[in-house]
Amino acid sequence: MGSFKLGKMTLRSLFGKPATVRYPYEKRDIEKLFPNMRGHVVNDMDVCILCGMCQRACPVGAITVDRKGGDWTIDQYRCIQCAHCVHECPKNCLSMDVHPAEATTELYVTKEHKDMPAPAAKKPAGAAAGAAAAKPKPKLTPEQEARVAEARKKAAAKKAAAAKAAAEGAADAKPADKPAAEAE
Ligand code: SF4
Ligand code: SF4
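Remember, it's a predicted structure, so these values are computed and weren't measured experimentally.

S.K.: Explain the overall build of the protein chain residue by residue, including any values.
M.R.: Helices and strands together make up the secondary structure of the protein chain, namely 6 helices and 5 strands. Listing every helix and strand of the protein chain by position from the N terminus yields α-α-β-α-β-β-α-β-β-α-α. For the protein chain, with 184 residues in total, the buried portion stands at 7%. Sequence separation of 24 or more characterises 70% of the internal contacts of the protein chain that already satisfy a separation of 6 or more.

S.K.: Can you lay out the sheet that holds strand E2 (residues 63-66) for me, pointing to particular residues and giving the numbers?
M.R.: Ordered by their spatial adjacency, 3 strands build an open sheet running E2-E3-E5, and the pairing between neighbours is antiparallel. Both outer strands of the open sheet, E2 and strand E5 (110-113), are each paired with one neighbouring strand and no more. Each neighbouring strand pair of the sheet contributes to a mean axis angle of 15°, computed without reference to strand direction. Relative to strand E3 (residues 71-74), E2 is paired through 4 bridges, and the arrangement is antiparallel.

S.K.: Let's hear about unusual backbone geometry: which residues, and what values?
M.R.: Positive phi, close to 55°, is recorded for Leu50, a residue that is not glycine. Locating Leu50 in the fold gives a position in the loop between strand E1 (40-43) and helix H3 (53-57). A positive phi angle, near 55°, is found at Gln81, a position not held by glycine. By the element assignment, Gln81 lies in the loop between E3 and helix H4 (84-88). According to the C-beta neighbour criterion, Gln81 is partly exposed, with 16 such atoms within 10 Å.

S.K.: Now, about the site of ligand 1: what can you tell me, with residues and values included?
M.R.: Near ligand 1 lie 14 residues; those nearest to it are Cys48, Cys51, Met53, Cys54 and Cys89. By residue class, the composition of the shell around ligand 1 is 11 nonpolar, 2 polar and 1 charged.

S.K.: Just give me the short version of the pairing of E1, but keep the residues and values in it.
M.R.: Side chains Val41 and Asn43 of E1 all project onto a buried face; the interleaved residues His40 and Val42 project onto a face where none is buried. Bridge count for E1 against strand E4 (residues 94-97) is 4 bridges, and the pairing is antiparallel. In the sheet register, Val41 faces E4, and the bridge partner there is Met96.

S.K.: Tell me about the confidence of the model for the protein chain, residues and numbers included.
M.R.: The predicted coordinates ought not to be read in detail in places where the model reports low pLDDT. On average, residues of the protein chain carry a pLDDT of 84, and 84% of them reach 70 or more. Per-residue pLDDT stays below 50 along residues 176-184; that stretch engages in 0 contacts with residues further than four places along the chain or on separate chains.

S.K.: Residue-level account of the environment of Lys91, with values.
M.R.: Examined against the element boundaries, Lys91 turns out to sit in the loop between H4 and E4. Separated by 42 residues in the primary sequence, Lys91 and Ile49 place their C-alpha atoms 7.7 Å from one another. Those residues in contact with Lys91 that sit more than four places away from it in its chain are Val47, Cys48 and Ile49.

S.K.: Describe the nonpolar core, listing the residues and the values that go with them.
M.R.: If you look at the biggest cluster of nonpolar residues, it comprises 10 residues: Val41, Cys54, Cys58, Ala62, Ile63, Ile74, Cys79, Cys85, Cys89 and Leu94. Excluding anything up to four places from it in sequence, Ile74 contacts Val41, Ala62, Ile63, Cys79, Val109 and Thr110.

Calculation notes
Residues numbered from 1 in each chain as written. Chains lettered and ligands numbered in written order. Predicted model: local features only at pLDDT ≥ 70, side-chain atom pairs only at ≥ 80, totals over all residues. Helix = DSSP H or I, 4+ residues; strand = E, 2+ residues; numbered from the N terminus. Buried ≥ 20, exposed ≤ 12 C-beta atoms within 10 Å, placed from the backbone. Contact = placed C-beta atoms within 7 Å. Pairing = 2+ DSSP bridges. Axes fitted to C-alpha atoms, helices over the stretch in contact; angles between N-to-C directions. Near = placed C-beta within 6 Å. Nonpolar A, V, L, I, M, F, W, Y, C, P; charged D, E, K, R; others polar. pLDDT = per-residue confidence, 0-100. Core = buried A, V, L, I, M, F, W, Y, C linked by C-beta atoms within 7 Å.

Shown next as structure tokens:
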């Protein structure tokens, strides 16, 4: 029984169609055969905000994001098609194309460019202070004004009492020092 099975397999291998194709001369309809295949990463630069999340998420350092220069770069030959960057992208602009990166004898990186809007100019510190100064003071009701005056009066009295106590303390300390000086 075992040898019959083996013979059948051998004959099928000898006369049957090969399971492989002569890639890259022959290509299969990957989209139809493997619709969920992770071929290579593509970025929709119209949506990308160059936040750098994909760069941080990539476990092999295949992506480089230069926000200032407006460049998004991927090394397709370093990428391991884990799709981690696709899941982490906050704008959903990354996707896995079913086709693998082009077969090549020379390694190269894929660079996408986008002109980012210039950052808004910072307001000078003086301008903010001026704006605060220009703000009109809220108007107080007569009752509120009376309360403020009362509080100020109390604070002034407290301050005066503290100053008086400090002066008295200094005066009391002087005679105590004198005998000590005389004893010498
Ligand atoms: S995570 Fe997405 S939006 Fe951010 S830089 Fe990468 S591709 Fe662009
Ligand atoms: S698919 Fe994985 S390895 Fe490739 S760029 Fe994205 S995170 Fe990096």
